[in-house]
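# Close look at the chain arrangement
Listed below, chain by chain, are the residues.
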Amino acid sequence: MNFDVAETSLMNSIYCITVKDKNNKQIVGMGRIIGDGAIYFYIQDIIVHPNYERKGIGKDIMNILVEYLNLNAPDKAFVGLFSSQGKEPFYEKYDFKDYSPNMTGMFTVISKECT
């Protein structure tokens, strides 16, 4: 991860949510939607601090992101995400499906290191 541009990436998100611990004001979870804002939307960075897992925070984040999409994304919009291995059942509750073998999630990382 190039942390030098992380702030710019977050600022260019379509929609973001953070969850703070009400006692110490620390961020303990986040999620965001990225994409072109018209046809393609991707749910990205659903993260909950390990000390706060299993308290419904991830579910709350997903509920808010899905509600945003239902209210703001146009008809027939494509909404994608990449799931960590073993977390697929969580996203299946929101009607996300693994369409393999017809679709395969793939990615590359741009490297500008000198060789």
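For the structure, see preceding data.
Residues numbered from 1 in each chain as written. Predicted model: local features only at pLDDT ≥ 70, side-chain atom pairs only at ≥ 80, totals over all residues. Heavy atoms only, no water.

### Here we look at the packing of aromatic side chains
Spelled out, the test is: Note on aromatic contacts: the rings of Phe and Tyr and the six-membered ring of Trp form a pair at centre separations within 6.5 Å, being stacked when their planes are under 30 degrees apart, edge-to-face when over 60 apart, and tilted otherwise. Secondary structure elements are taken from DSSP: a helix is a run of H or I of four residues or more, a strand is a run of E of two residues or more, and numbering for both begins at the N terminus. To sort residues, take the accessible area from a 1.4 Å probe on protein chains only and compare it with the maximum for the residue type: under 20% means buried, over 50% means exposed, and anything in between is partly exposed.
Inspection of the entire model under this criterion finds 5 aromatic pairs. A ring pair is formed by Tyr-40 and Phe-78, whose centres lie 5.8 Å apart and whose planes are at 65 degrees; its orientation type is edge-to-face. With Tyr-40 in strand 3 (residues 40-48) and Phe-78 in strand 4 (residues 78-80), this residue pair connects regions lying 38 residues apart in the sequence. The exposure class assigned to Tyr-40 is partly exposed, which follows from its relative accessible area of 40%. What makes Phe-78 partly exposed here is its relative accessible area of 33%. The rings of Tyr-40, Tyr-42 and Phe-78 are connected pair by pair, giving a single aromatic cluster.

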